[in-house]
Amino acid sequence: MKVEISRRRFLQSSVALSVLGGTVLSSTDIMASSSQKEKLDNVLMKKVPTICEMCVNKCAVIAQVQNGVVVKLDPNPYFPKSKNMLCARGAAGIHALYDPDRLKYPLIRDGERGDGKFRRATWDEANEYIKDKMVKILDEEKDNRSCIGYCAGEGMAEHTYKSFMADKFGSTNFINHASICLQTAVSGYALTIGGYGQADLNNAKYVIMGGANRAEAIVTPDTMDLFKRTRGRGTKLIVVDPRFTNTAAHADTYLAIKPGTDLAFVLALTYQVLIKEIYNRTYVKNNFNGFEEYRKHIIESGYTPEWAEKITGIPAKDICRVATEFMANAPQSIYYQGRRSTFAKNDFQLRRAQAIFTALGGGIDVKGGIVFGKKLPLDGHEINIPMYANAKGRIDKKAAAIIGGSGSWIAWRNMVVEGTTPYPIRGLFVYKQNPMLCVPNTAKTKQMLEKLDLVVVIDTMPSDTAMYADVILPECTYLEREDPIKSFAGVEPSIALRQKVIDPMYESKPVLEIMKGLATKLSKPLWEITKKYDEDVQEELEGLEKDESEEDYYEENGFNLADSFEENQEHINEEIFTKQYGKEAWTLLRQKGIFYPNMMKNFEKLDNNSYNYYPEDKKNYTVVKLENENEAEEIDTCVNPRDIAEVRRLFSTPSTKIECVLASMQKKGIATMPTWIDTDYVEVPKGKFKFISGRHAQFTQNATQNNIMLLELMNENFIWINDKDAKLLDIKFGDMIEVTSKVGQVKIKAYPTAKIVPNTVFYIHGFGAKSTGLTFAHRNGASDNEIIEDRIEPVFGSAIMHDTIVSLRKV
Amino acid sequence: MNYAMALNYQNCINCKACETACKEENGVQLGAHKQRIWVGAVEGTIFGKPYMNLYPSQCNHCINAPCVNVCPTHASHVVAGGIVKVDPSMCILCKGCMEACPYDARFIDDTMVAVDKCTFCDHRIEEYGTTACQATCPTKVRLFGDLDDEESDLVQLLKTKRFFFQKEKSGTLPKLFYIVPDDEHYAKQSISHDTIIHTWDDFKPVYNYARDLRSIEWKR
């Protein structure tokens, strides 16, 4: 039983900790004379450690609050992941909070869908509106909960939203960012080496970055670790990219590659080390499964550097050199995993080939290689999940070989648009995502939204998607709420807490409270529908004993949808955390924002730029279980990283080894080994261009598009075109260009440059909003997904982002 | 006390965290040319291969500051620690200082109707020991410190590295120390052939002399 007293005690301690100078204000203080004003300011000055949400990295922040206004966001040095830094977006978080265009109160559509007319409503009205529609839909669909789809962007509160939509409400149709983000990379590594891992860029000696751009797509701690060690300071960096990015500017070698041919490059590297036998033979003997077959495949397929030169445009001698250097530095050599989107149809095979290539040098689960790190344990929050007999499985499960719980955005949407779903999809809940801008082929997303009977958008900003909503529910920003506590795995693991800095502004609410309100409203009416159609429930209700009431059954079996949202987030966090680490650690966590064992003992400031978190012998470089436990001691005393790498481990793959061959893929029609298929490659017809997109360090996708501080740094996007191509077309800087693909057309200004390979054009993702609710972002530049074709790769149904052919016209 | 900053400019990834943190910390007026700090980018090609050099920069807080020398109203002045500041109430917007500054580090803040510039976050030094731009930097380009303190991290760094200044020839004795990269190739790519490379030993006497000469003018 949760007792009320613990909550009160928490409130007391929180106030005492967060108000610096700790004196309690009395009314006489408020009336103080002006000479005392300065003193008063100090009393009202708070510093609250919290976690940033301007992107997905979750760096630690200290928010300064003066008289209830957040005045500055500073980096929090205690977090081993973000290491006392805050990027431009993090620092500009204040303008997400005080954005004048923020959604301030619930809105109900008051015109045709998409025309942007809404009327202000109370929370109760909005929930009532949703309830009426939901009841009608579920009655018509005979309690098939899956007829309401739901999507979410990544975030610490995503789980809360999901626990309502999936666990309590009972829909299976969830789609999140995975299939338009890093699904292929994460799964490629997981199926090959047992996990995606982290590149230990603090100790790696040789790093190949193919397509990844850590200078402009900031990832903590990778970005901070890498660029302090480039240019003869420990890490040799090889960048393989169609664009000369800010990362490439730091590389020892930059290799310009034709987009979509990375797999050929990696296969040729593999060929070279196999033919020269410069891989780590002991490691391969101990830890590889199916090596011989893979070796034979690579060599017999003739993946020579000369072959790759023709495909990739990278000279064969460079491929040979990189292969040799990589192995000379192994096991502290990494082919960087990369994140983000699927480049081409073969992306899954590309990530597998990268993983196997890194493993050939032994650089897995070893200092300076790809490490898995440890995670400090934290229990989850228990939910009483009801069972719905009529809730059907997800609609897109046959869209690709493996469709997981987060689905394939493109396949899912297209099925809805084309009406090929096994049962009707009637509604969509959208949380913290903007499918109008983030899913390829905007025209189809628009069609989908227009087709649905109910669209509910939960967001902080009136995004392009919100314009198509029936109901908009205003969420508060990350600075106005406490989120579920999170444990961060790594070489130096820690737990971090997003605390509320100020109370939610306007009528906005944290997602937990939004779900609570909705659940309370929906629970009973939907229960009536379940009783009407759910035969299992009907049967069980008939069989109830005399002393059991229907109400008891409803409560006990989780049909009371609001029951998991009764406690507030602060209370849930305290309970979960103190169970594991105790009261004292909880106090420390709230005070510092971060916790890891022996933090106060080991945390040390070296100078204004560097900090120590864990002693070297307590860092978790090698964590995979060893076959022979006795060897663990040798690892501790071993000085040669090569010896540590060679030890036989039990990787979390089916064979406990590095999987060169995925036999189970055969029956799904997927190549069991990384294979180059000529017909998968999209050639660029003469006079046309391949379109690629990407990121930069000042915006996070389209989530920050209306932030005035960031728009200061860049207020529109430009299309990059090779300067020689531009000359032929007489395109000069700033010329307006009409870009046309099979699915759409945009207009954008030109940026001719030598920093991009020929026949290729690029512009940054996240611009081109059309929502009239966004004063500053409205029609700045162009949106990439308006022209990207909606094609998926065959393994996970991930969106292929770099295979669209476009034509250009100066207008 | 004589505050200065070393810049390990080869770490810079042009993410503009420093610029944003500066604007947030100091309430700098928004607008394209209203910057207290910035990143200068030089790009081009050598035989068709692109290159890019990044030079994070801000006010040099010159010991022999021409902006202070030309100011007719003494609005531009130097405070303790050798920090060049502007008193907005005394500024008459004659823009002489903006003309005099070789680094273009000054601009007009229309809200204050005065010239504005970097203050080395002097309001912040006591509590944090450093500026907002250094604290926030992901790749830790900057190191702020006291040139008079032989034990400071700054002087310790300058003793082990070689360094150069931007536009040293204008004779203003600037205090942004650009650290020469260890990598010879990158050093050649990013430092002009006529730039003078200094060591702590050759630099120290010159600066001590100049500081002694000028520090009597520093306002408390």
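Residues numbered from 1 in each chain as written. Chains lettered and ligands numbered in written order. Predicted model: local features only at pLDDT ≥ 70, side-chain atom pairs only at ≥ 80, totals over all residues. Heavy atoms only, no water.

Observations concerning the sheet that holds strand E9 (residues 163-164) of chain B
Residue and element names in this part refer to chain B. Using the following cut-off: Strands are labelled as partners when DSSP assigns at least two bridges between them. Secondary structure follows DSSP: runs of H or I at least 4 residues long count as helices, runs of E at least 2 residues long count as strands, and numbering of each begins at the N terminus.
Reading across from one edge, E8-E1-E10-E9 is the order of the 4 strands in this open sheet, with mixed pairing throughout. The outermost strands of the open sheet, each flanked by one partner alone, are strand E8 (142-146) and E9. Inspection of the sheet shows strand E1 (residues 3-7) paired to strand E10 (residues 176-179) by 3 bridges, in the parallel sense. Counterpart to Met5 in the pairing with E10 is Leu176.

So, the pairing of strand E3 (residues 69-75) of chain A
Residues and elements named next belong to chain A. This is how it is decided: Under the scheme applied here, a residue whose accessible area is under 20% of the maximum for its type counts as buried, over 50% as exposed, and between as partly exposed, the area being computed with a 1.4 Å probe on protein chains only.
Counted residue by residue, E3 has 5 buried out of 7 residues, so it is predominantly covered. Two elements, strand E2 (residues 60-66) and E3, share 6 bridges in a ladder whose sense is antiparallel. From the neighbouring strand, Gln66 faces E3, where its bridge partner is Val69. Counting the residues between successive antiparallel strands, the hairpin from E2 to E3 contains 2 residues, one of them, Asn67, with a positive phi of roughly 50°.

Topic: the nonpolar core
All names here are of chain A. Note the following rule: In plain words, nonpolar cores are sets of buried Ala, Val, Leu, Ile, Met, Phe, Trp, Tyr and Cys residues tied together by side-chain atoms within 4.5 Å. An automatic or database domain assignment supplies the residue ranges for each domain. A contact between two residues is defined here by any heavy atoms of the two lying within 4.5 Å.
With 140 residues, the main nonpolar core has Ile208, Phe265, Phe288, Phe357 and Leu360 as its most contacted residues. If one sorts the elements of this core by residue count, helix H10 (residues 262-275) sits on top with 10 residues. Both domain 1 (1-99 + 482-509 + 567-611) and domain 3 (198-371 + 629-668) contribute no fewer than three residues apiece to this core. Ignoring sequence-local partners within four residues, the contact set of Phe288 consists of Tyr283, Ile356, Ala359, Leu360, Lys657, Ile658 and Cys660. Membership of the second largest hydrophobic core comes to 49 residues, among which are Leu428, Val739, Tyr763 and Ala799.

Focus on the interface of chain B and chain A
Counted only if it meets this: Here's the idea: put two parts together, see how much 1.4 Å probe accessible area each one loses, and the total over both is what we call buried area. By definition here, a salt bridge exists when the distance from a side-chain nitrogen of Lys or Arg to a carboxyl oxygen of Asp or Glu is within 4 Å. In protein, a polar contact requires one atom able to donate a hydrogen and another able to accept it; more generally it is a pair of N or O atoms within 3.5 Å, and residues adjacent in sequence count only if both atoms are side-chain atoms. Following the grouping adopted for this structure description, the nonpolar residues are Ala, Val, Leu, Ile, Met, Phe, Trp, Tyr, Cys and Pro, the charged ones are Asp, Glu, Lys and Arg, and the polar ones are all others, Gly among them.
With 41 residues of chain B at the contact, the number on the chain A side is 42 residues. Across the chain B to chain A interface the summed buried area is about 3500 Å²; carbon plus sulfur atoms make up 52%. Remark: the boundary between chain B and chain A carries 5 salt bridges. Arg124 of chain B is paired through a salt bridge with Asp74 of chain A; the nearest N and O atoms lie 3.0 Å apart. Here chain B and chain A share 23 residue pairs in polar contact (both at pLDDT 80 or more) between them. Put simply, the parts of the chain that give the side of chain B that touches chain A at least two residues each are helix H1 (17-26), strand E2 (37-46), strand E3 (49-58), helix H4 (125-128), helix H5 (132-136) and E8 of chain B. A total of 7 residues in the side of chain B that touches chain A trace back to one element, the largest contributor, which is H1 of chain B. Of the residues that constitute the side of chain B that touches chain A, the class distribution is 17 nonpolar, 12 polar and 12 charged.

Quick word on the environment of Ser146 of chain A
All names here are of chain A. Structurally, the position occupied by Ser146 is in the loop between helix H6 (123-140) and strand E6 (148-152). With 233 residues separating them along the chain, Ser146 and Asp379 place their C-alpha atoms 28 Å apart. If we skip the residues at most four places from it in the chain, Ser146 touches Gly170, Ser171, Thr172, Asn173, Ala391, Lys392, Tyr423 and Ile425.

None of this, on its own, says anything about what the molecule does.
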